[in-house]
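# Structural overview for review
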Amino acid sequence: MARGKLRIYLGAAPGVGKTYAMLSEAHRRVERGTDCVVAFVEHHGRSRTEVMLHGLEQVPRKEIEYRGSVFTEMDVDAVLARRPQVALVDELAHTNVPGSRNAKRWQDVEELLAAGIDVISTVNIQHLESLGDVVESITGIRQQETVPDEVIRRADQIELVDMSPEALRRRMAHGNIYQPDKVDAALSNYFRPGNLTALRELALLWVADRVDEYLTEYRSQHRVSKIWGSRERIVVGLTGGPEGRTLIRRAARLAEKGAGGEVLAVYISRSDGLTSASPKELAVQRTLVEDLGGTFHHVVGDDIPAALLDFARGVNATQIVLGVSRRKGWQYVFGPGVGATVARESGPDLDVHLITHDEVGKGRGLPVAARGARLGRARLIWGWLAGIAGPLLLTWLLSSMLPHLGLANDMLLFLTMTVAAALLGGLLPALTSAVVGSALLNWYFTPPVHTWTIADPKNIVAIAVFFGVAVSVASVVDLAARRTHQAARLRAESEILSFLAGNVLRGETTLEALLDRVRETFGMESAALLERENDVAPWTCAGSVGPRPCATPDAADVDVPVGDHLTLALSGRVLPAEDRRVLAAFAAQAAVVLDRQRLQQEADEAKALAEGNRIRTALLAAVSHDLRTPLAGIKAAVTSLRSDDVEWSDADQAELLAAIEEGADRLDHLVGNLLDMSRLQTGTVTPIIRETDLDEVIPMALGGVPEDSVDLDIPETLPMVDVDRGLLERAVANVVENAVKYSPPGEPVLVSASAIADRVEVRVVDRGPGVPDEAKPRIFEPFQRYGDSPRGAGVGLGLAVARGFTEAIGGTLNAEDTPGGGLTMVLTLPTAPQRRMEEPERTSAFTT
């Protein structure tokens, strides 16, 4: 089944006429014979809108009762059963009443579209989810009802219903939007002229962007390469030089002259990575472009003019801004330059602006990679030896041992020596070898010998060819060596950055570890991350490694700023320029790690505060009820006993005294658990570990439960355990009391123990209702009662205290399901070593 089509009427504010326009469209379609129904339209008491509903079929709404009131919502099932061609659904961002089919009305619309029903709907610009913060900053009101942007963008048609702020305010004043008693408040708050103007601009820009997407899609589908100047798009070509800032500002001024102008800065780098661009300067220019409302793009292309023109045509640009070339006059013999080539090949659709700047004619220099490539000291020495001493030695060998070898063979041998010099030492040794070899060939082996005169013209050509081949081979070898060096360096840089980014993203790197990595990677003595609050505040050290870290950036051999008030300072040696690129990435990552650590600290502190607030709230609830209940019972019993108006029998007095005793026991137990929990929370529990026999501790822990409510199975052959007797007794007592509380009548709790490897397990088994797996971790949290336990059952500290005491003595406490139904608590305790030195017996901090 084909999906239905969605048409949306978009407005800047309530009252612009979206619903009226939707109903007008419905009448036009009905007149053409289209099956169109009103699924949900709210006229809000506006008479003109209500009149437009006449003559349109309306699907009855669904009534939903919520909190004692009856609400009406769109009946999705009724619309699906009616199955019209077109359904009108007003207020797309509306939140449905709880109990509806879907939470949001746009989800109802999705069902209608999936069923093949076309939908016409309305929405205001303030209800778009991505614009929530912007609308709140304009109006001061946070929109609670929003619709995802993707839902609107998927619409087949979006029509803007526009109205000037003045006209909208007049409609409001005439009572055509809100009721008269709300008009004054609306005009002085949400419907202020400034608010309406800003919202109108927001709606117009959003629709313009959507139209631009439609245009781009259309051009792509129809393969339209010709530029359509629907609005000014200005592409700025950057080289990474300082003139880029001038070009960006000039382009921004050009864009301001046309409505909706857009600036796109593009930097084109060669695929071989050989570039003279400054990463720091490019970062500054990127920030400048974004501050001026433009966008920055990075494109790879070996043919810079072609890549620039392809980019400009791809974004449907209308103008290109370039700087006048920085090349010196004599360098134009190698070509007309990028600016002239782009201007020549741009065609009639693209205007090219060449902007003068302070760097014109100052030259560009060699690429950074070319300057930075080195073959190593040993290779250079061998290269110079091969370039100078090699031809001399070869001349001696050929003159003394092979005098009749022939000029052609002599040239090949000298060419071999030049190639060897190029392979070893690069360009300069090879050029030197070619010059020396040419001179020696002329003097010793070209007739007439021992003169600079060459008798045969063919020999002149041969020597010239020899020199040209030698220079060419030397250039190729030198270029290959530089690019091999660069590739190795870039590979090392990429490996470092990949490892660094991976660790930082996974959160595996602390600030100190990252700084140590920096120090190790660059062979520095120390590294420190310095920060300060403002430009005049003193520097403080956020983290450092190594001896004698720098206290200020001025004291460092290398400092890399990160923002305005953060810098990475290293001491040990001065780094070359090519190393600072990677160092800048380390500095940025160090700032990220520092921010993440501080955010984590704040999150931990917030979590601790939240946990403390939760415990305090629960404690107050416990004090307000669980402490008050036994106190009230005790007070009532004591008041009754002291009353002179009633003469109590011995049985009544005994019952009242028993109630007092029971209340006091409950208070004692409750206060004991509260004190234990407070000690665990503050970390003041200090266990005294010694060898203990379980059959001496567990029976004493059962003193607080009724007789015949527990079956005990503790073998005498169990090994001794290393525990604190008092803490273990309290833990077992709490676990057993909890098990007895939830066991059905007549079903005793089983307490058994067994030895497994180097530990002893104590199992407390009950046949109660049990606990689901997802709830098992929560029953050990403070102030947690499972299920519908009454308030009188305690404050929910027993198991939390038991687990805290068990972990304090080196054991564990976990919950498992009892086979056949119920819950089993498993206390795992460490066994005592076979041999231990005698220790004087000490008394635990907790005794029973």
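Residues numbered from 1 in each chain as written. Predicted model: local features only at pLDDT ≥ 70, side-chain atom pairs only at ≥ 80, totals over all residues. Heavy atoms only, no water.

### Examining the overall build of the protein
- Each helix and strand in the protein was counted, giving 24 helices and 24 strands.
- Expressed as a percentage of its 848 residues, the buried residues of the protein come to 42%.
- In the protein, the share of contacts with a sequence separation of at least 24, taken over all contacts with a separation of at least 6, comes to 71%.
- For the protein, the accessible surface area stands at approximately 45300 Å², while carbon and sulfur atoms represent 55% of it. (Helix = DSSP H or I, 4+ residues; strand = E, 2+ residues; numbered from the N terminus. Buried < 20%, exposed > 50% of the residue type's maximum accessible area, 1.4 Å probe, protein only. Contact = heavy atoms within 4.5 Å. Areas by Shrake-Rupley, 256 points an atom, 1.4 Å probe, with all protein chains shown as cover.)

### What about the sheet that holds strand β10 (residues 262-269)?
- Here 5 strands make up an open sheet; going across it, the order is β11-β10-β9-β12-β13 and the pairing parallel. Every other strand in the sheet has two partners, leaving β11 (295-300) and β13 (351-355) as the edge strands with one partner each. Across this sheet, the average inter-strand angle for adjacent strands is 25°, counted without regard to direction.
- As paired elements, strand β9 (residues 233-238) and strand β12 (residues 319-323) share 3 bridges and run parallel to each other. Residue pairing for β12: Val 235 is matched across the bridge by Ile 320.
- The strands touched by helix α10 (residues 244-256) are β9, β10, β12 and β13; relative to β9, the strand with the most contacts, the crossing angle is about 175°. (Pairing = 2+ DSSP bridges. Axes fitted to C-alpha atoms, helices over the stretch in contact; angles between N-to-C directions.)

### Describing unusual backbone geometry
- A positive phi angle, near 55°, is found at Arg 67, a position not held by glycine.
- Note on placement: Arg 67 falls in the loop between β4 (62-66) and β5 (69-73).
- Overall, Arg 67 belongs to the exposed group, its relative accessible area being 74%.
- For Arg 83, which is not glycine, the phi torsion reads 50° and is therefore positive.

### What to know about helix α24 (residues 798-808)
- Of all 11 residues in α24, 8 are buried; the element is thus mostly enclosed.
- Of all the positions in α24, only Gly 798, Leu 799, Ala 800, Val 801, Ala 802, Gly 804, Phe 805 and Thr 806 are classed as buried.
- At the exit of α24 stands Gly 810, carrying a positive phi of roughly 90°.

### Description of the confidence of the model for the protein
- Residues of the protein with pLDDT of at least 70 account for 79%, and the chain-wide mean is 78.
- Across residues 365-373, confidence stays below pLDDT 50; counting only partners more than four residues off in sequence or on other chains, it has 16 contacts.
- Here residues 834-848 is modelled with pLDDT under 50, and outside its nearest four sequence neighbours on either side it reaches 23 contacts, counting other chains as well. (pLDDT = per-residue confidence, 0-100.)

### With respect to the sheet that holds strand β2 (residues 36-40)
- Spatially, 6 strands are ordered β3-β2-β6-β7-β1-β8 in an open sheet, and the strand pairing comes out parallel. Pairing within the sheet leaves two strands with one partner each, and these edge strands are β3 (57-58) and β8 (157-161).
- Bridge count for β2 against strand β6 (residues 86-89) is 4 bridges, and the pairing is parallel. Looking at β6, one finds that Val 37 is bridged to Ala 87.
- Along the sheet, helix α4 (residues 105-114) contacts β1 (6-11), β2, β6 and β7 (118-124); its crossing angle with β6, the most-contacted strand, is approximately 180°.

### Quick look at the side chain of Asn 96
- With respect to the element layout, Asn 96 can be found in the loop between β6 and α4.
- Overall, the relative accessible area of 7% leaves Asn 96 in the buried class.
- Separated by 2.9 Å, the side chain of Asn 96 and the backbone oxygen of Asn 102 make a polar contact.
- At 3.0 Å, the side chain of Asn 96 forms a polar contact with the side chain of Asp 108.
- Apart from residues lying up to four places away in sequence, Asn 96 is in contact with Glu 73, Asn 102, Ala 103, Lys 104, Arg 105 and Asp 108. (Polar contact = N/O pair within 3.5 Å; in protein donor to acceptor, adjacent residues only side chain to side chain.)

### Brief notes about the pattern of salt bridges
- With the rule as written, the count across this model stands at 23 salt bridges.
- Here Arg 344 and Glu 345 are joined by a salt bridge, their closest N and O atoms 3.6 Å apart.
- Exposure remark for Arg 344: the relative accessible area of 55% places this residue in the exposed category.
- Overall, the relative accessible area of 40% leaves Glu 345 in the partly exposed class. (Salt bridge = Lys/Arg side-chain N within 4 Å of Asp/Glu carboxyl O.)

### Digging into the environment of Gly 704
- Counting through the fold element by element, Gly 704 comes out in the loop between α22 (694-701) and β19 (710-713).
- Judged by relative accessible area, which is 59%, Gly 704 ranks as exposed.
- C-alpha of Gly 704 to C-alpha of Val 736: the two residues are 32 residues apart in sequence and 9.2 Å apart in space.

### Details of α10
- The terminal C-alpha atoms of α10 lie 19 Å apart, and with 13 residues this matches the ideal 18 Å at 1.5 Å per residue to within 8%.
- All of the buried residues along α10 are Gly 244, Leu 247, Ile 248, Ala 251, Ala 252, Leu 254 and Ala 255. Taken around the axis of α10, the buried residues stretch over an arc of 160°, which confines them to a single face. (Expected span 1.5 Å × (residues − 1). Arc of directions from axis to C-beta.)

### Considering the packing of helix α23 (residues 725-742) against α24
- Contact pair α23 / α24: the axes reach a minimum separation of 8 Å and the direction vectors enclose 150°. With respect to α24, the axis of α23 lies roughly antiparallel. For the pair α23 and α24, the sense of crossing is left-handed. Taking contact as the criterion, the partners of Leu 727, Arg 730, Ala 731, Asn 734, Val 735 and Asn 738 in α23 are, on α24, Gly 798, Leu 799, Val 801, Ala 802, Phe 805, Thr 806 and Ala 808.
- Taken together, the residues of the contact of α23 with α24 break down into 8 nonpolar, 4 polar and 1 charged. (Parallel < 35°, antiparallel > 145°, perpendicular 65-115°, else oblique. Left-handed = near helix turned anticlockwise from the far one by under 90°. Nonpolar A, V, L, I, M, F, W, Y, C, P; charged D, E, K, R; others polar.)

### Notes on the packing of aromatic side chains
- All told, the structure shown has 0 aromatic pairs when counted by the stated rule.
- Its end group placed over the ring of Phe 40, Arg 105 keeps NZ or CZ at 3.9 Å from the ring centre. (Phe/Tyr/Trp six-rings, centres within 6.5 Å; stacked < 30°, edge-to-face > 60°. Lys NZ or Arg CZ within 6 Å of the ring centre and 35° of its normal.)

### As for the packing of helix α16 (residues 407-425) against helix α17 (residues 427-445)
- Interaxial distance between α16 and α17 falls to 8 Å at its minimum, and their mutual angle equals 160°. With respect to each other, α16 and α17 are oriented roughly antiparallel. The handedness of the crossing between α16 and α17 comes out as right-handed. Residues Leu 407, Asp 410, Met 411, Phe 414, Met 417, Thr 418, Ala 421, Ala 422 and Gly 425 of α16 form the contact with α17, whose participating residues are Leu 427, Pro 429, Ala 430, Ser 433, Ala 434, Gly 437, Leu 440, Leu 441 and Phe 445.
- Partitioning the contact of α16 with α17 into residue classes produces 13 nonpolar, 4 polar and 1 charged.

### A closer look at the nonpolar core
- Among the nonpolar cores identified, the biggest contains 61 residues, and Leu 88, Leu 92, Leu 112, Ile 125, Ile 152 and Trp 206 are the most heavily contacted of them.
- No other element matches the 6 residues that helix α9 (residues 193-221) contributes to this core.
- Setting aside residues up to four positions removed in sequence, Ile 152 forms contacts with Ile 8, Leu 92, Val 123, Leu 128, Val 147, Ile 158 and Trp 206.
- Among the nonpolar cores identified, the runner-up in size contains 40 residues, and Ala 753, Leu 799, Phe 805 and Ala 815 belong to it. (Core = buried A, V, L, I, M, F, W, Y, C linked by side-chain atoms within 4.5 Å.)

### Quick look at the state of the cysteines
- For the structure on display, the rule yields 0 disulfides.
- Counting only cysteine sulfurs, Cys 541 is the nearest neighbor of Cys 550, a cysteine outside any disulfide, at a range of 9.6 Å.
- A relative accessible area of 7% means that Cys 550 is categorised as buried. (Disulfide = S-S within 2.5 Å.)

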